[in-house]
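A look at the structure
The lines below spell out each chain.
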Amino acid sequence: MTTESVRAPVALVTGANKGIGLETARRLAEAGYRVYLTARSSERGRPAAGAVGARFLELEVTSEESVRHAADFVAQAEGHLDVLVNNAGITGPVREVRDYTGDDLAEVLLTNVAGYLRVIHAFLPLLEKSDNPRIVNVSSGLGSFSEFHDRIRAGEFSGTPLYAPAKAAINMLTAQLAHLLPGIRVNAADPGMTATDLSQGQGHSVQDGTDAIITLALAGPGGPTGTFIDRNGEHPW
Ligand code: NAP
């Protein structure tokens, strides 16, 4: 192991076997980070990690055991973590509005909200050992009340009654943790509509979709906390 690799800052990305997470891992590795590309499936995650120069680690965000195991591994291997990118997300089932159930919403919240906090909780002791700890929560403009009202006014509303509330919760979780954890910079990023499996291939490139995430992930010690940004700058809450 070279001195350079010993000194490389350490990043971990959830749900990174494809889409925005994979591009985030690639860009962080390119920026000189030692990247833990995590995925719930080793069949999907291991080759993805190999392709972008990252290390693979299995991590299922809905499983306390899996998240704890991943945190223990990074603790042993690195002793600290500089950047955590909470990215793993799902849209949940699509139904007629009257057919959505509490269980449908619980499933989405379990991954998209509880999953983020589960990972933060497990990695917090490692982040606290970094001299520049950052958490980037991948959110969405669909979680913004301001954008919701703009869309209604513009006649562009399309309902996402599970996904949008989950992303609104991530925004508030971000704002809360930024105040409650003053030693750690906690921010939310909106990728914008990005061409991945989640968006059924619609939207801009994954490079564009990761710009805000990378800006927050690479911010120096004087960087922001408690902000919500997209690739053009501050995003209204
Ligand atoms: P994607 O291509 O569908 O990728 C989602 C990733 O999350 C996959 O790697 C998936 O793993 C993983 N994942 C899902 N549930 C998981 C779990 N329980 N544990 C661990 N990993 C899990 O979607 P994407 O577009 O890249 O989305 C990434 C993030 O960006 C999400 O938070 C999404 O809400 C957000 N976002 C996307 C867009 C967009 O237009 N694409 C816009 C705004 C925000 P598997 O392959 O195993 O399923």
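Counting restarts for each chain: residues are numbered from 1 in the order of the written sequence. Reporting in this predicted model follows two pLDDT cut-offs: at least 70 for local features of residues, and 80 or more for side-chain atom pairs to be given and counted; totals over whole chains, interfaces and linings ignore these cut-offs and use all residues. Side-chain figures throughout are based on the complete set of non-hydrogen atoms in the structure, without hydrogens or water.

1. Examining unusual backbone geometry
For Gln200, which is not glycine, the phi torsion reads 55° and is therefore positive. Helical segments are the DSSP runs of H or I of at least four residues, strand segments are the runs of E of at least two, and each set is numbered from the N terminus. Counting through the fold element by element, Gln200 comes out in the loop between β6 (185-189) and α8 (206-209).

2. Comments concerning the nonpolar core
We define a nonpolar core as any set of buried Ala, Val, Leu, Ile, Met, Phe, Trp, Tyr and Cys residues linked to one another through side-chain atoms lying within 4.5 Å. Whether a residue is buried, partly exposed or exposed follows from its accessible area with a 1.4 Å probe, protein chains only, as a fraction of its type maximum: under 20%, in between, or over 50%, in that order. Core analysis: the biggest nonpolar cluster contains 61 residues, and Leu12, Leu28, Leu37 and Phe123 have the highest contact counts within it. In terms of residue count, helix α5 (residues 102-127) provides more of this core than any other element does, 10 residues in total. The criterion used for residue contact is that any of the two residues' heavy atoms lie within 4.5 Å. Excluding residues within four positions of it along the chain, Leu28 makes contact with Ala11, Val13, Tyr33, Val35, Val85, Ile214, Ala217 and Leu218.

3. What about helix α2 (residues 19-30)?
Helix span is expected to be 1.5 Å times the residue number reduced by one. With 12 residues, α2 should reach 16 Å at 1.5 Å per residue; the first-to-last C-alpha distance of 17 Å fits that figure. Within the sequence span of α2, burial applies to Ile20, Gly21, Glu23, Thr24, Ala25, Arg27, Leu28 and Ala29. Where α2 is buried, its residues meet β1 (10-13), β2 (34-39), α3 (42-52), β4 (83-86), α8 and α9 (211-217). Where α2 terminates, the next one or two residues include Gly32, which has phi positive at roughly 100°.

4. Things to note about the packing of aromatic side chains
Pairing of aromatic rings covers Phe, Tyr and Trp, the last through its six-membered ring, and needs centres within 6.5 Å; plane angles under 30 degrees mean stacked, over 60 mean edge-to-face, and all others mean tilted. Across all of its chains, the model carries 3 aromatic pairs by this definition. For the pair Phe148 and Phe157, a centre-to-centre distance of 5.6 Å together with 85° between the ring planes defines the contact as edge-to-face. Summarising the aromatic geometry, the rings of Phe228 and Trp237 are spaced 5.4 Å apart at their centres and angled 40° between planes, so their arrangement reads as tilted. By relative accessible area, Phe228 is classed as buried at 1%. For Trp237, a relative accessible area of 38% gives the class partly exposed.

5. Notes on the pairing of strand β3 (residues 55-58)
Across 4 bridges, the pairing between β2 and β3 is parallel. By the bridge assignment for β3, Thr38 is matched with Leu57. Looking down the strands as they point away from the viewer, one classifies a crossover as right-handed if the path from the first strand across the helix to the second runs clockwise. As for the winding sense of the linkage, the β-α-β connection from β2 through α3 to β3 is right-handed. Here a strand pair is declared whenever DSSP counts at least two bridges between the two strands.

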